[in-house]
Amino acid sequence: MKFGKALKREMVPEWTEAYIDYRGLKRILQEVLQHKNEEQPSTTSRARISLHRAFSGLNQQPKHVHRKSDIEDQVINVNMYQQDGSRRLYNTEFLGQSEDGGDIEAKFFKKLDEELNKVNTFYEDKVKEMVNEASLLNKQMDALVALRIKVEEPNVDVNSSRISSTGVAMSPLRTCEMENENGIEMGDTWLTDDCTNSQSGSECIELNIGKDAGSDVGEESASSPEAGEVGTTTGFPQEGGNTENSSENPLKILDHVKINNTMDSPLSTIKRVFKDSKEEDLCFKKEELKKVEERLWVVFIEFYQKLRLLKHYSYMNLAAFSKIMKKYDKITSRRAAESYMKIVDNSYLGSSDEVTHLLDKVEGTFIKHFSNADRRKGMKSLRPKVKKEKHNITFSSGFFSGCSIALLVAVILRIQARKLLGQDGGASYMVNIFPLYSLFAYIVLHMLMYAAVTYFWTRYRINYPFIFGFKQGTELGHREVFLLSNGLAVLALACFLANLHLDIHSRVSNYKTVNELIPLTLVTVVLAILLCPFDIIYRSSRFFFLRCLVRCIYAPLYKVRLPDFFLADNLTSQVQAIRCVELYICYYGLGEYSTRQNKCHSHSAYNVFYFVVAVVPFWLRFLQCLRRLLEDRDAIHGYNALKYFLTIVAVLVRTAFELKKGRTWMVLALVSSAVAIIMTTYWDIVQDWGLLQRNSKNPFLRDKLIISHKSIYFAAMVLDGLLRIAWLQLVLEFNLQGLHKVVVSMLIACLEIVRRGIWNFFRLENEHLNNIGKYRAFKSVPLPFNYYDPDTDKDD
């Protein structure tokens, strides 16, 4: 594979613009090559020159080579200068600019310098961020070990702890051999070498992971305040001169920390409402210690992934500079690559080993304190296996898709034979049984649309696992989703076909009750698979879905994340499916399945819930918008909440018209639906997709587009509006070739699911581009501890 394609495939998607512009440099080299070809003599002349050179006197060859070498050594002259007194920038002077075509080569080196400065600056800034974050993790680990000691020995006398000359507490609780009840060694957390027992093989892992991080940068960066004072051995930042050195009393750290309240549960949110504080005092309980360890476990894994991406970024850019310079030498027959690569190797990108140093420190810390000194277990958590495509998934997907198509054809033929789709024939079956199975049609179609969207996300390098926050290696690709959807389709269609077959044969009339229970059995099986606690059928993905669903249900009590409101938005397109669930409860809860008499609408409670379930998804999104409005203080969330409120009004009026009929309700339903359609369509296109931007270089679109064909964006905008208008069919009730009303409602609901699938792609594309614009490639993981100054708090 060509290096350009390999580089594009290996890029961190959110950092694409920060990588070297390899294709741009290749285009300039193509201009150089084209100019060289135009300047070359004819084939016959080149042959004569080659023969002349081949048979020329040997005594002239060494002199020629020496003179050529002197010229080549002076092809370029790279100058280095400093910006703002610290940052190094490079400027290459091409000495052959006066030659024919030299201006193109000078253009190449100018572009090369721009890319080197860009890559070098980006890498240096990111490394500084990592060093500062390492300093914060130092203090977090100081607090964690102190909390472990306090929890395990609550009666320990802090003031009696002896301090060694290196600033390490010599209390018996601070020995290397001590272990807690989980077997985690309670070794020193500061960078010291006096706690090593080489003979026994046990060693206190250096937990101050940022101490030596700045040693390779030079004295200036190591002593600068930007380095985050990573070389300090204290667990508490020295501020204002009124805080004690925590190395004198390790447990004194606990006097300066509180637990960060992330409000990640309903209980913490309620506490936040009645207590205006983002921190909670330590309670020194094992439950608290366990939660802190879990949060730091996630923090360390995420920090390690950041370092790995940064190291890979350095490696790929260095390889790109080497490749492009080799191409330059090959085209121009010069030897400038060696001298330029020396500059690249001596730059911050090529010479800094801070990332490697931090990687080693994090590995040692994580293995020692979060994996019970089990290296295999620790590295498995830090470096999860890359997800590999399995042939059995492709085979099973093809098998189940073939079966589902065959069953679908059989079901259609059976329905056509019984004439169930007409207004007159099979009225009882269409009203009572068909909606029960249509639930699975909605779910399968939604899953198929998600499989298609996932395929296009992958094709256009939209980093959906990072955006959704999937654990690395557990995300479902389009093949897995396609397999699950086809498997569910086979199961549902087989039950539906069996129901049709048993329903029309009089010889099985004694088993009518059993036949009516087939849909309920199917729902029970699907729920059992979804809630199955065993590690089968993609347990991590099932539980991720359930967690997001719970967070949606408790919308105002959870901090709103992108997966939460993304799922809630998708639920707004499944109103008919939710009504099918209500029908299951009524149909089987009241025992009407035995007589097949659906009298649900005769119950006032059912009619009330018929209204409620229709607005539940929109109400959850409304609450999510209010939560984000209160937290972010951004008016855009208020406008979004207004949009969902208008949609709720439209749904309620449309449902009232469906149940009560009448011209007045019809007019109200048309007006409210039209207002909701206009606002939601505008919001989809402008806010969610980021299109129709003013002064965009792509008229009526946006500046950055992932899909090269602009017509696709215009088609998507038109299709989104048309599919939203399709909902008016439920109000106008046009006669569609004598189809049953239940079938029409099902078709309209399917169109809405298709529209939601299209929305999903462009919504995540816009989110991905926003991440690229901010170079946001990492999750923001809140730290468990928050340091504070108690004296300052008292004054306040």
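Residues numbered from 1 in each chain as written. Predicted model: local features only at pLDDT ≥ 70, side-chain atom pairs only at ≥ 80, totals over all residues. Heavy atoms only, no water.

Engineer: Hey, could you run me through the overall build of the protein chain in this one?
Structural biologist: When helices and strands are tallied, the protein chain shows 29 helices and 7 strands. When each of the 796 residues of the protein chain is scored for burial, the buried share is 46%. (Helix = DSSP H or I, 4+ residues; strand = E, 2+ residues; numbered from the N terminus. Buried < 20%, exposed > 50% of the residue type's maximum accessible area, 1.4 Å probe, protein only.)

Engineer: Sorry if this is basic, but what is going on with the pattern of salt bridges here?
Structural biologist: Two side chains of opposite charge can pair, provided their charged atoms sit close to one another. All chains considered together, the criterion is met by 27 salt bridges. Across the pair Asp21 and Lys111 runs a salt bridge whose closest N-O atoms are separated by 3.3 Å. Of this pair, Asp21 sits in the loop between α1 (3-10) and α2 (22-39) while Lys111 is found in helix α5 (residues 102-152), placing the two residues 90 residues apart along the sequence. With a relative accessible area of 27%, Asp21 lands in the partly exposed category. (Salt bridge = Lys/Arg side-chain N within 4 Å of Asp/Glu carboxyl O.)

Engineer: Which parts of the structure should I look at to understand the packing of α5 against helix α8 (residues 286-332)?
Structural biologist: Closest axis-to-axis distance for the α5/α8 pair is 10 Å, and the angle between their directions is 165°. As summarised for this structure, α5 and α8 are arranged roughly antiparallel, according to the angle between their axes. In terms of crossing hand, the pair formed by α5 and α8 is left-handed. Classifying every residue of the contact of α5 with α8 gives 28 nonpolar, 4 polar and 9 charged. (Axes fitted to C-alpha atoms, helices over the stretch in contact; angles between N-to-C directions. Parallel < 35°, antiparallel > 145°, perpendicular 65-115°, else oblique. Left-handed = near helix turned anticlockwise from the far one by under 90°. Nonpolar A, V, L, I, M, F, W, Y, C, P; charged D, E, K, R; others polar.)

Engineer: Before we go on, may I ask you to explain a positive patch on the surface in this structure?
Structural biologist: Among the surface-exposed residues, Lys2, Lys5, Lys323, Lys326, Lys327 and Lys330 lie close enough to one another that they form a single positively charged patch. Ranked by the residues each element gives to the positive patch, the list is headed by α8, at 4 residues. Mapped onto the elements, Lys5 comes out in helix α1. We classify Lys5 as exposed; its relative accessible area is 59%. (Patch = residues over 30% accessible without salt bridge, like charges linked within 9 Å, V, L, I, M, F, W, Y side chains within 5 Å. Areas by Shrake-Rupley, 256 points an atom, 1.4 Å probe, with all protein chains shown as cover. Lys, Arg positive; Asp, Glu negative; His and termini not counted. Charge placed at Lys NZ, Arg CZ, Asp CG, Glu CD.)

Engineer: Can you help me understand the nonpolar core in this one?
Structural biologist: Looking at soluble globular proteins, one finds that nonpolar side chains tend to be buried together. In this structure, Trp15, Phe108, Phe109 and Met325 are the most contacted members of the largest nonpolar core, which totals 83 residues. It is α5 that provides the largest number of residues to this core, a total of 22 residues. One finds Tyr442, Met449, Cys495 and Phe496 within the second-largest nonpolar core, a separate group that totals 38 residues. (Core = buried A, V, L, I, M, F, W, Y, C linked by side-chain atoms within 4.5 Å.)

Engineer: Explain the packing of helix α15 (residues 434-459) against helix α28 (residues 741-773) to me, please; I cannot follow it from the model alone.
Structural biologist: Packed helix pairs are specified by the crossing angle of their axes together with the interaxial distance, meaning the distance between the axes. Two elements in contact, α15 and α28, have axes separated by 9 Å at closest approach and are oriented at 20°. Between α15 and α28, the interaxial angle falls into the category roughly parallel. In this structure, α15 meets α28 at a crossing whose hand is right-handed.

Engineer: Please clarify how unusual backbone geometry should be interpreted in this entry.
Structural biologist: Where the residue is not glycine, phi is negative for most of them; where a peptide bond is considered, it is trans in most cases. The backbone of Leu692 shows a phi angle near 55°, a positive value even though the residue is not glycine. Positive phi, normally seen in glycine, also occurs at Asn695, with a value near 55°. Tracing the chain through its elements places Asn695 in the loop between α25 (663-688) and α26 (711-725). Take Asn695: its relative accessible area is 81%, and that puts it in the exposed class.

Engineer: What exactly am I supposed to notice about the packing of aromatic side chains here?
Structural biologist: Think of a pair of aromatic rings as described by two things: how far the centres are apart, and how the planes are tilted against each other in angle. Taken as a whole, this structure holds 34 aromatic pairs when the rule is applied. Both rings, one in Phe622 and one in Phe645, keep their centres 6.3 Å apart while their planes meet at 40°; by these two values the pair is tilted. Of this pair, Phe622 sits in helix α23 (residues 604-632) while Phe645 sits in helix α24 (residues 635-660), placing them 23 residues apart in sequence. By relative accessible area, which is 14% here, Phe622 ends up buried. Here the aromatic cluster, defined as three or more aromatic residues joined through ring pairs, consists of Trp15, Tyr19, Phe122, Tyr123, Tyr313, Tyr348, Tyr775 and Phe778. (Phe/Tyr/Trp six-rings, centres within 6.5 Å; stacked < 30°, edge-to-face > 60°.)

Engineer: Looking at this structure, how should I read the environment of Ala749?
Structural biologist: Its location among the elements puts Ala749 in helix α28. Contacts of Ala749, omitting those with residues within four sequence positions, involve Tyr442 and Gln576. (Contact = heavy atoms within 4.5 Å.)

Engineer: So what exactly am I meant to see when it comes to a nonpolar patch on the surface here?
Structural biologist: A cluster of nonpolar side chains, namely Leu491, Val525, Ile529, Phe534, Ile536 and Ile537, defines an oily patch on the protein surface of about 500 Å² accessible area. Here Leu491 is to be found in helix α17 (residues 478-504).

Engineer: Any chance you could explain the side chain of Glu115 here in plain terms?
Structural biologist: Considering the arrangement of structural elements, one finds Glu115 in helix α5. Looking at Glu115, its side chain comes within polar contact range of the side chain of Lys118, at 2.8 Å. Setting aside anything within four residues of it in sequence, one finds Glu115 in contact with Tyr19, Ile20, Asp21, Leu25 and Phe321. (Polar contact = N/O pair within 3.5 Å; in protein donor to acceptor, adjacent residues only side chain to side chain.)

Engineer: It is not clear to me how the environment of Val525 should be interpreted in this structure. Could you clarify?
Structural biologist: Positionally, Val525 belongs in helix α19 (residues 518-531). By relative accessible area, which is 36% here, Val525 ends up partly exposed. Once the C-alpha coordinates of Val525 and Leu491 are considered, the two residues, 34 residues apart in sequence, prove to be 9.8 Å apart.

Engineer: Just checking my understanding: could you explain the environment of Cys600 for this structure?
Structural biologist: Tracing the backbone shows Cys600 in the loop between α22 (575-589) and α23. Judged by its relative accessible area of 1%, Cys600 falls in the buried class. Separated by 14 residues in sequence, Cys600 and Cys586 place their C-alpha atoms 6.3 Å apart.

Engineer: Quick question: what am I supposed to make of α1 here?
Structural biologist: Owing to its 3.6 residues per turn, the α-helix aligns residues three or four sequence positions apart on the same side. Residues of α1 that are buried include every one of Phe3, Ala6 and Leu7, and no others. Taken down its axis, α1 places every buried residue within 100° of arc, on the same side. (Arc of directions from axis to C-beta.)

Engineer: I tried to follow α23 on my own but got confused; where do I start?
Structural biologist: With 29 residues, α23 should reach 42 Å at 1.5 Å per residue; the first-to-last C-alpha distance of 41 Å fits that figure. Along its length, α23 reaches its greatest deviation from straightness, about 45°, at Val616, and the proline Pro617 lies no more than four positions downstream. Count one or two residues on from α23 and you reach Arg633, which has phi positive near 55°. (Expected span 1.5 Å × (residues − 1). Bend = angle between axes of the 7 residues up to and from the residue.)

Engineer: It is not clear to me how the side chain of Gln624 should be interpreted in this structure. Could you clarify?
Structural biologist: If you trace the backbone, Gln624 turns up in helix α23. Discounting residues that sit within four places of it in the chain, Gln624 has contacts with Cys552, Ala555, Val560, Asp564, Phe565 and Ala568.

Engineer: Explanation requested: the confidence of the model for the protein chain in the structure shown.
Structural biologist: The predicted structure's coordinates, where accompanied by low pLDDT, should not be read in detail. Here the protein chain averages 78 in pLDDT, and 75% of its residues register 70 or above. Between the elements of the protein chain, mean pLDDT differs from a low of 32, seen in strand β4 (residues 202-203), to a high of 95, seen in helix α21 (residues 562-571). The low-confidence segment residues 42-72, where pLDDT is below 50, has 6 contacts with residues more than four positions distant or belonging to other chains. A low-confidence stretch, residues 160-247 (pLDDT under 50), is modelled with 169 contacts involving residues beyond four sequence positions or located in other chains. (pLDDT = per-residue confidence, 0-100.)

Engineer: How should the state of the cysteines be read in this particular structure?
Structural biologist: Cysteine pairs can be linked by a disulfide, which is a covalent bond between their two sulfur atoms. Counted by the stated rule, this structure contains 0 disulfides. Cysteine Cys548 is unpaired, with the sulfur of Cys552 as its nearest cysteine sulfur at 6.7 Å. Overall, Cys548 belongs to the buried group, its relative accessible area being 3%. (Disulfide = S-S within 2.5 Å.)

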